[in-house]
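# Commentary on secondary and tertiary structure
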Amino acid sequence: MRAMTVTPGKADSARVGAVGEPPAGDGAVLVEGLFTGICGTDIELVSGAFGSGRPGSDHLVIGHESLGRVLEAPEGSGFNAGDLVAGVVRRPDPEPCPACARGEWDFCRNGLYTERGIKEMDGYGAERWRVDPYFAVPVPSELGHLGVLVEPASILTKAWEQVDQVGARSWFGPKHVLVTGAGPIGLLAALIATQRGYDVHVLDRVVDGPKPELVRALGGTYLTDLDDLTVVPDVVIEATGAGRVVFDCAKLLGWAGVMCLTGIAPGPASIDVQLDALVRQLVVRNAALVGSVNAAKRHYADAVDVLVAADRCWLERLITRTVPLSDWPSALVREPDDIKVVVDLRG
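Now for a description of the structure that goes with this document. Note that this is a predicted model, so its numbers are computed, not measured.

## Observations concerning the sheet that holds strand 7 (residues 90–91)
Taken together, three strands build an open sheet; the order of strands is 7-8-9 and the sheet is mixed. Only two strands of the sheet have a single partner each, and these edge strands are strand 7 and strand 9 (120–121). Pairing geometry for strand 7 and strand 8 (residues 114–116), over two bridges, is antiparallel. The partner of R91 across the bridge, within strand 8, is T114.

Here it is as structure tokens:
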């Protein structure tokens, strides 16, 4: 069986690897892999920056953004042959910690969680994979191949949940939203914001191509310079991880505003900032910065709802390139107009 493999900790080890059939211990539902999306996490795994395989294995099957078709499922599992499914990424730690015991494994307190395609578990980037029914998310047939967007969308449904929960400490009626970064995460954040009826502004460095067009198609305002922002944002969804962008946007937050950090920069960087002044402003305005990573099961279901409600043609434009499994390393090389690149696991 073919799979997308890397050697954990070794740079430039991406290859089409020959692996065994998925072990029964991965779950009772056998799935034909259809598509997996490529994101910054995969690029870091290939760089050798982090990642770990199954105990005793010298390789890791990557691919955590998944879409597959059920081949076999036990009676009573809730799935039948032919169903489309996406797999949840994170698994609770075995102890478990108080958060994992409550299904909030995205808030694991001791770091003993595992993650498909990232940490001590093979991922979904294979011709076949198994998954426990509890960690399988039904994908409506009407979404088709766009179901590969469920996992990245779950990151944003969680982020917006965090914004709502922080905002609920007082009266909260956001109107203006700033999204930084017009990659897949930023655009999905903007999609949810427009579905909620907010006034949306998206900041990115790219001046033309599909990114500004996609923002304008949502009815949002596309910016390449933060100085052009004409509103005070009640909410900022930060998807770049760039320290300077985070700092500059945090200064703009309105009274009781909330900034949710969803991006991580690829490497360490230092910037000179007037941190005391920023802290004073955040305190005086009751503003809040909160980090958010991964997602719990409910966020996947919410993501399905978001995608089903979206304009299908708009979603189609998010996927700018599809490469076959036989040439999957080429998906790691960004082309000028790339937004979301996916791998066809049947090719």
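## So, the nonpolar core
By size, the foremost hydrophobic cluster in this structure holds 87 residues, and its most contacted members are W160, I237, L315, L318, W328 and V343. Residues contacting I237, with those up to four places away along its chain left out, are L156, W160, V163, L178, V179, T180, A189, C260 and T262. Ranked by size, the runner-up nonpolar core spans 15 residues in total, among them L229, A250, L278 and L282.

## Re the sheet that holds strand 4 (residues 60–61)
Reading across the sheet, the three strands line up as 2-1-4 and stay open at both edges, with antiparallel pairing between neighbours. Single-partner strands in this sheet number two, and they are strand 2 (15–18) and strand 4. When strand 1 (residues 2–6) meets strand 4, the two strands line up antiparallel, connected through two bridges. Looking across to strand 4, one finds that T5 is bridged to V61.

## Looking at the environment of G76
Position of G76 among the secondary structure elements: in the loop between strand 5 (65–72) and strand 6 (84–87). On a C-alpha basis, the gap between G76 and P133 in space is 9.6 Å, while along the polypeptide they are 57 residues apart.

## Side note on helix 1 (residues 40–47)
Those residues of helix 1 not exposed but buried are D42, L45 and V46. Buried residues of helix 1 fall within an arc of 95° about the axis and therefore sit on the same side. Packed against the buried residues of helix 1 are strand 1, strand 3 (29–38) and strand 4. Downstream of helix 1 by a residue or two, G48 has a phi angle that is positive, lying close to 85°.

Conventions and cut-offs
- Residues numbered from 1 in each chain as written.
- Predicted model: local features only at pLDDT ≥ 70, side-chain atom pairs only at ≥ 80, totals over all residues.
- Heavy atoms only, no water.
- Pairing = 2+ DSSP bridges.
- Helix = DSSP H or I, 4+ residues; strand = E, 2+ residues; numbered from the N terminus.
- Core = buried A, V, L, I, M, F, W, Y, C linked by side-chain atoms within 4.5 Å.
- Buried < 20%, exposed > 50% of the residue type's maximum accessible area, 1.4 Å probe, protein only.
- Contact = heavy atoms within 4.5 Å.
- Arc of directions from axis to C-beta.

These results come straight from atomic positions and should not be treated as a statement about function.
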